[in-house]
Amino acid sequence: MKKAKVAGTTPQIEQLEEGKTYAWCTCGKSENQPWCNGAHKGSEFTPKIFKEEESKTAALCMCKQTKNPPYCDGSHANL
Ligand code: FES
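Residues numbered from 1 in each chain as written. Predicted model: local features only at pLDDT ≥ 70, side-chain atom pairs only at ≥ 80, totals over all residues. Heavy atoms only, no water.

(A) Summary view of the overall build of the protein. Along its length, the protein carries zero helices and four strands. Counting from the amino terminus, helix and strand elements in the protein follow one another as β-β-β-β. What you see for the protein is a C-alpha radius of gyration of 12 Å, in line with the 12 Å of a compact globule of 79 residues. For the protein, the spread of C-alpha atoms along the principal axes amounts to about 35 × 30 × 20 Å. Within the span of the protein, comprising 79 residues, buried residues form 37% of the whole. (Helix = DSSP H or I, 4+ residues; strand = E, 2+ residues; numbered from the N terminus. Rg over C-alpha atoms; globule rule 2.2 N^0.38 Å. Buried < 20%, exposed > 50% of the residue type's maximum accessible area, 1.4 Å probe, protein only.)

Spelled out as structure tokens, the structure:
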């Protein structure tokens, strides 16, 4: 699989709401990071759809290399 574009080298802190569905950009091309804006069209990437069970503040991966998407796992430190 092709490597995703690095959209940022630090995670983005987001307030996520209980029961809401989110589409996290996996390709790195969205101009509305960390969310999918459809820029992946025509590539092998698709957004990661996820739903939060509880409202929380989360660090979302921006480098797109995390092993625990959509959350930051510190992979940006190895870029
Ligand atoms: S724009 Fe990147 S996955 Fe949709």
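Still more to cover.
(B) Fine view of the packing of aromatic side chains. Across all of its chains, the model carries four aromatic pairs by this definition. A centroid spacing of 6.5 Å and a plane angle of 25 degrees characterise the contact between Trp35 and Phe50, whose relative ring orientation is stacked. Taken together, the positions of Trp35 in the loop between β2 (21-24) and β3 (48-51) and Phe50 in strand β3 put the pair 15 residues apart, joining distant regions of the chain. Owing to a relative accessible area of 15%, Trp35 belongs among the buried residues under this scheme. Residue Phe50 is classed as buried on the basis of its relative accessible area of 8%. (Phe/Tyr/Trp six-rings, centres within 6.5 Å; stacked < 30°, edge-to-face > 60°.)

(C) Structural context of the pairing of β2. Here β2 shows a clear split, with Tyr22 and Trp24 buried on one side and none of Thr21 and Ala23 buried on the other. Inspection of the sheet shows β2 paired to β3 by four bridges, in the antiparallel sense. Each bridged residue has a counterpart across the sheet, and for Tyr22 the counterpart in β3 is Phe50. (Pairing = 2+ DSSP bridges.)

(D) Inspection of the environment of Ser75 at higher detail. By the element assignment, Ser75 lies in the segment after β4 (56-60). Overall, the relative accessible area of 13% leaves Ser75 in the buried class. Along the primary structure Ser75 and Lys56 are separated by 19 residues, whereas in three dimensions their C-alpha atoms are 22 Å apart. For Ser75, the residues in contact, after removing those within four places along its chain, are Cys63, Gln65, Thr66 and Lys67. A distance of 2.6 Å separates the side chain of Ser75 from the side chain of Asp73, its partner in a polar contact. (Contact = heavy atoms within 4.5 Å. Polar contact = N/O pair within 3.5 Å; in protein donor to acceptor, adjacent residues only side chain to side chain.)

(E) The arrangement of the side chain of Thr66 in detail. Looking at the element boundaries, Thr66 is found in the segment after β4. By relative accessible area, which is 11% here, Thr66 ends up buried. At a separation of 3.4 Å, a polar atom in the side chain of Thr66 contacts the side chain of Asp73. Setting aside residues no more than four positions away along its own chain, Thr66 makes contact with Trp24, Cys61, Tyr71, Cys72, Asp73 and Ser75.

Geometry only, nothing functional implied.
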